[in-house]
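Structure at a glance
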Amino acid sequence: MKCKFLLIFTILLTYYQIDAQSRSKGLEEKVQYLTEMTAKRPIISLNYNKFKEYVKSPVKDYAFIIMFTAMSPSRRCVICQHVYDEYNIVASSFRFAQTQNTKLFFGMVDFDEGSDVFQMLRLNTAPVIMHFPAKGKPKPADSMDFERAGIHAEAIAKWIQDRTDVQIRLFRPPNYSGALVTCTMVLLSIGFLYLRRNNLEFLQNKQMWAGFALFFCFTMVSGQMWNQIRGPPFYHRSKNGPVYINGSSHGQFVLESYLVAALNALVVLGMIFMIEAAGGVKNVEDSSRAPTEGKKRRFQAVVGLVLLCVFFSALLSVFRAKTQGYPYSFLFK
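Residues numbered from 1 in each chain as written. Predicted model: local features only at pLDDT ≥ 70, side-chain atom pairs only at ≥ 80, totals over all residues. Heavy atoms only, no water.

The subject of this paragraph is the overall build of the chain. Helix and strand counts for the chain stand at 11 helices and 6 strands. Of all 333 residues assigned to the chain, the portion counted as buried reaches 32%. Pairs at least 24 apart in sequence give 65% of the contacts found in the chain among residues at least 6 apart. With the model as given, the accessible surface of the chain reaches about 22,200 Å², and the carbon-plus-sulfur share is 62%. (Helix = DSSP H or I, 4+ residues; strand = E, 2+ residues; numbered from the N terminus. Buried < 20%, exposed > 50% of the residue type's maximum accessible area, 1.4 Å probe, protein only. Contact = heavy atoms within 4.5 Å. Areas by Shrake-Rupley, 256 points an atom, 1.4 Å probe, with all protein chains shown as cover.)

Inspection of the secondary structure assignment puts Glu276 in helix H10 (residues 254-277). The spatial distance from the C-alpha of Glu276 to the C-alpha of Gln300 is 7.6 Å, given a sequence separation of 24 residues. Dropping the residues within four chain positions of it, Glu276 is found in contact with Arg297 and Gln300.

This part takes up the UniProt feature "transmembrane region" (unreviewed entry) in the chain. UniProt's entry tags residues 176-195, 207-226, 258-278 and 299-319 with the feature "transmembrane region" (unreviewed entry), counted in the numbering of this structure. Secondary structure across residues 207-226 comprises 95% helix and 0% strand; the distance between its end C-alpha atoms is 28 Å. What you have in residues 258-278 is 95% helix and 0% strand, and the ends, taken at the C-alpha atoms, are 31 Å apart. (UniProt positions renumbered as here; feature names shortened; annotations may be inferred.)

Quick look at the sheet that holds strand S1 (residues 44-45) now. Spatially, 4 strands are ordered S1-S3-S2-S4 in an open sheet, and the strand pairing comes out mixed. Two strands close off the open sheet at either side, each with one partner strand: S1 and strand S4 (128-132). Bridge analysis of strand S2 (residues 63-69) against strand S3 (residues 104-110) gives 7 bridges, and the strand direction is parallel. Its bridge partner being in S3, Ala63 is matched across the sheet by Leu104. (Pairing = 2+ DSSP bridges.)

Let's shift gears to helix H3 (residues 80-97). When the terminal C-alpha atoms of H3 are compared, their 26 Å separation across 18 residues agrees well with the 26 Å that a helix rising 1.5 Å per residue should span. Buried residues of H3: Cys80, Val83, Tyr84, Glu86, Tyr87, Ile89, Val90, Ala91, Ser92, Ser93, Phe94 and Arg95, and no others. (Expected span 1.5 Å × (residues − 1).)

This is how it looks when you write it as structure tokens:
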């Protein structure tokens, strides 16, 4: 009896040793293949078979960051190329800074080449960036929220650090377009002032400076600074058509900021009409005002009131759409 037990134990032990060796050999081959592919390109292109073998396989001790996208022009993914450019900066920076790291790899699955992967993961939008840990299945936090975090390379690197504890130092290629535009504008301004050096009275024009101040205020209030920091998409394309207003109070679209700036401008225009109808800022009363001028001022007052009510109500409706439960709305529901 004891001999049979020892024989069975020896067979099982031998089987597990052979299985462990084969698993270890298979893992080494996978890591070697992924390392060689990363040496050629920072982002590994994956189809359905490669995804199952290198990402979904339980035999792995490395993590994967994968971008699911639709780069074909026929897919009409406006934001996919921009997100890919930022994602490529992160992957390239990681490859140059972490040449010996074999615990994290970057991949990409295009819809035209891996539609089966999209169906397997039940993905119906693009782009999506997901983290596949070395052990276990991805959790909801392993999908990057672009609306909350943004789509810039800095945001992607910070999200990767939160999920993997791997800090990536970004190496962004130099972009001289901004400096070139700034220098061109400065030179044009200097040239214009030089040509008008004998007639600089326009610099004392209060209306011009007031217009510049209003433009700056509308730009800041609409959230253009937030757009520069977070890099949101221009708009969102859903199954029911394009969406211009982000339903979350923590995000916005670029087109949405333009709409908010235009609504604020129209509200201010209505206020200006009403102030001018009342006699201007100084409110100078003139009893000898002509009847035609009185009709003009009444018309300005009516137009100003309509602009104020209609477009301020539209602003409240936009705010109500982003903040559920907000109780006020004048005209629009």
